[in-house]
Amino acid sequence: MIAGHATASGTARFRARFPDLSAAGHLRAPSHVLDVADLWLSSVGLGTYLGEPDAATDTHYAEAVMEAVCSGVNVLDSAINYRFQRSERSIGWAIAKLMESGIARDEMFLCTKAGYLTYDASVPADPRAYFMTEYIDTGIVPQRELVGGMHCIAPSYLADQIQRSRRNLGIETIDLFYLHNPEQQLSEVSREVFYGRVHAAFRVLETAAEEGKIRIYGTATWNGYRQDPSSREYLDLARIESIAQEVGGQRHHFRAIQLPFNLGLPEAFTLHNQQTGAAPVSTLQLAEELGIAVVTSATLMQGRLAARLPSFVRERMHCDSDAEAAIQFARSAPGVTTALIGMSRKEHVQSNLKVASKPLAGKDEWDSLFSRG
Ligand SMILES: NC(=O)c1ccc[n+]([C@@H]2O[C@H](COP(=O)([O-])OP(=O)(O)OC[C@H]3O[C@@H](n4cnc5c(N)ncnc54)[C@H](OP(=O)(O)O)[C@@H]3O)[C@@H](O)[C@H]2O)c1
């Protein structure tokens with residue numbers, strides 16, 4: 001297991017490797033976020049969700065990760081269930097290779113998630129029997145806390161998944177560990193039961209942080225932060241942060257959220273669905289106020305924004321291609337630390353990273369995408 005984690009000096013060293021990208025503002029520090037305030041993190045990160053669970057895709061992801069890190073990306077995102085643990089293992093393989101070539105562990109910010117039960121590399125002959133033997137009979141997943149037959153945030157399960165992810169990635173410390181789509185729980189349990197489960201989950205995550213198994217934790221979501229408060233899956237960020245304070249005090253480690261944000265899913269910015277004071281604010285605004293970093297996902301709407309954007313978007317983002325314009329939009333959003341792009345092909349890494357050498361979109365031009373004029 002590789003020791004260490006991303007540090008201020010390591011990420012500054014990483015930043016110094018890319019003077020042109022650094023001058024353009026591609027590496028930035030989330031200065032409002034305790035524990036990671038002085039880390040230089042890339043405005044674009046590499047995600048590993050999509051793709052077949054096969055050896056060819058493993059190799060492609062490993063090559064894409066190496067290409068990305070060597071091109072100025074130091075935020076890597078996975079989840080234990082992505083491609084049945086194979087994506088974490090591809091990242092682990094790539095990290096080991098990168099370290100042989102002189103990149104140090106403290107330059108990279110490695111993130112993963114747990115929530116969905118997953119197989120080990122491929123679908124077993126009897127999936128139900130596999131889950132029973134691996135998770136239920138062992139007591140890792142208490143059956144009463146399993147939602148939809150596949151989602152769990154129980155303490156024993158999270159502790160188990162942290163160990164497995166550390167092994168898959170080959171690292172002692174995960175920089176950022178997320179609860180994966182916690183809003184999934186709300187499809188079966190009441191809001192009060194849900195917040196009780198979040199409380200118990202945060203306890204185990206605070207302990208993992210104290211033990212050095214993770215550095216900080218967060219919630220990676222799909223619908224939760226993009227919905228109206230009346231919706232069943234809505235997540236109240238202020239309430240969740242207050243649970244972290246109950247569990248970990250002022251110096252708690254709930255320091256990041258992840259949610260989709262792209263030209264087609266702009267709610268993190270446009271929807272005022274979070275309440276703190278008198279007036280509701282957007283999730284991006286509240287996260288900033290609470291000292292929580294925002295990582296965004298689905299920058300290309302799973303590839304669909306890489307073609308057929310209206311020409312004014314390319315023009316206002318000063319980009320030659322649709323993919324570049326969509327990336328420029330996401331990484332230039334106020335309050336976003338890193339916009340994740342799923343890339344299993346190194347050709348995509350090469351073309352997508354071109355935008356990193358441009359300055360971020362100016363506020364007026366960025367805002368103008370929301371007006372018809
Ligand atoms: N709830 C959650 O926690 C959650 C949900 C969704 C996503 N995520 C995270 O966010 C990451 C990004 O989201 P995503 O992967 O779902 O979607 P995405 O980044 O919007 O799109 C990824 C897809 O776009 C393709 N692509 C990349 N660059 C391209 C280009 N220049 N031209 C054409 N196609 C291009 C990729 O192909 P190749 O693979 O062939 O390169 C892949 O199929 C995920 O990988 C995951 O790490 C988290």
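Residues numbered from 1 in each chain as written. Predicted model: local features only at pLDDT ≥ 70, side-chain atom pairs only at ≥ 80, totals over all residues.

Q: How should I be thinking about the overall build of the chain in this particular structure?
A: Of regular secondary structure, the chain possesses 14 helices and twelve strands. Its C-alpha radius of gyration of 20 Å places the chain within 12% of the 21 Å reference for a compact globule of 373 residues. By principal-axis analysis of the C-alpha atoms, the chain measures approximately 55 × 55 × 40 Å. In the chain, which comprises 373 residues, the share counted as buried stands at 49%. Residue pairs in contact within the chain that sit at least 24 positions apart in sequence constitute 77% of those at least 6 positions apart. (Helix = DSSP H or I, 4+ residues; strand = E, 2+ residues; numbered from the N terminus. Rg over C-alpha atoms; globule rule 2.2 N^0.38 Å. Buried ≥ 20, exposed ≤ 12 C-beta atoms within 10 Å, placed from the backbone. Contact = placed C-beta atoms within 7 Å.)

Q: Whenever I open this one, the site of the ligand confuses me. Can you help?
A: Surrounding the ligand, one finds 31 residues, the nearest of these being Gly-47, Tyr-49, Ser-297, Ala-306 and Gly-342. Within the residue set of the shell around the ligand, elements represented by two or more residues are strand S12 (336–342) and helix H13 (346–352). Across the shell around the ligand, the residue classes break down as twelve nonpolar, 16 polar and three charged. (Near = placed C-beta within 6 Å. Nonpolar A, V, L, I, M, F, W, Y, C, P; charged D, E, K, R; others polar.)

Q: Can you help me understand the nonpolar core in this one?
A: Across soluble globular proteins, nonpolar side chains have a tendency to be buried as a group. Val-65, Phe-109, Leu-205, Ile-214 and Ala-326 are the most contacted members of the largest nonpolar core, which totals 101 residues. What Val-65 contacts, discounting residues up to four positions off in sequence, is Leu-46, Leu-76, Ser-90, Ile-91 and Ala-94. (Core = buried A, V, L, I, M, F, W, Y, C linked by C-beta atoms within 7 Å.)

Q: Would you explain the pairing of strand S3 (residues 44–47) in this entry?
A: Moving residue by residue along a regular strand, the side chains alternate between the two faces of the sheet. Every second residue of S3 is oriented toward a common face, with Val-44 and Leu-46 on one face and Gly-45 and Gly-47 on the other, all of them buried. In this structure, S3 lies alongside S12, joined through four bridges in parallel fashion. Each residue of the ladder has a partner; that of Gly-47, found in S12, is Gly-342. This β-α-β element, S3 to helix H3 (residues 55–70) to strand S4 (residues 75–77), shows right-handed connectivity. (Pairing = 2+ DSSP bridges. Right-handed = clockwise from strand over helix to strand, strands pointing away.)

Q: Explanation requested: the environment of Ala-68 in the structure shown.
A: Assignment of secondary structure puts Ala-68 in helix H3. With 23 residues separating them along the chain, Ala-68 and Gly-45 place their C-alpha atoms 8.5 Å apart.

Q: So what exactly am I meant to see when it comes to helix H7 (residues 191–210) here?
A: Along an α-helix, a turn takes 3.6 residues, which lines up residues three or four apart on a common side. With 20 residues, H7 should reach 28 Å at 1.5 Å per residue; the first-to-last C-alpha distance of 28 Å fits that figure. Turning to H7, its buried residues are Arg-197, Val-198, Ala-201, Phe-202, Leu-205, Glu-206, Ala-208 and Ala-209. Residues of H7 that are buried in the fold lie against helix H6 (155–169), strand S6 (174–180), strand S7 (214–220), helix H8 (237–248) and strand S8 (254–260). With its phi angle positive at about 80°, Gly-212 sits one or two positions after the end of H7. (Expected span 1.5 Å × (residues − 1).)

Q: Could you clarify how one ought to interpret the confidence of the model for the chain in this entry?
A: Where the model shows low pLDDT, its predicted coordinates should not be examined in detail. Per-residue confidence for the chain averages 97 on the pLDDT scale, and 99% of its residues sit at or above 70. Looking across the chain, the model is least confident in strand S9 (residues 274–275), with a mean pLDDT of 94, and most confident in S4, with 99. (pLDDT = per-residue confidence, 0-100.)

Q: Please explain H6 as it appears in this structure.
A: If you check H6, its first and last C-alpha atoms are 21 Å apart, about what 15 residues at 1.5 Å a residue would give, namely 21 Å. Taken together, the buried positions of H6 are Tyr-157, Leu-158, Asp-160, Gln-161, Ile-162, Ser-165, Arg-166, Asn-168 and Leu-169. On its buried face, H6 is in contact with helix H4 (86–100), strand S5 (109–114), S6, H7 and S7. Positive phi appears at Gly-170, one or two residues downstream of H6, with a value of about 75°.

Q: Before we go on, may I ask you to explain the packing of H7 against H8 in this structure?
A: In helix packing, the relevant descriptors are the interaxial angle and the interaxial distance, both defined with respect to the helix axes. Relative to each other, H7 and H8 sit at 50°, their axes nearing to 9 Å. Viewed along their axes, H7 and H8 adopt a mutual orientation that is oblique. Classified by chirality, the crossing of H8 by H7 is right-handed. Where H7 abuts H8, its residues Tyr-195, Val-198, His-199, Phe-202, Arg-203 and Glu-206 lie against Arg-239, Ile-240, Ile-243, Ala-244, Glu-246, Val-247 and Gly-248. Its residues assigned to classes, the contact of H7 with H8 comprises seven nonpolar, two polar and four charged. (Axes fitted to C-alpha atoms, helices over the stretch in contact; angles between N-to-C directions. Parallel < 35°, antiparallel > 145°, perpendicular 65-115°, else oblique. Left-handed = near helix turned anticlockwise from the far one by under 90°.)

Q: Got a minute to help me understand the pairing of S8 in this structure?
A: With seven of seven residues buried, S8 is to be regarded as a mostly interior element. Alignment of S7 against S8, held across four bridges, turns out to be parallel. Paired with Gly-218 across the two strands is Ala-256, which belongs to S8. In this view, the connection linking S7 to its parallel neighbour S8 by way of H8 has right-handed handedness. Across five bridges, the pairing between S8 and strand S11 (residues 293–297) is parallel. The residue of S11 that forms the bridge with Ile-257 is Val-294.

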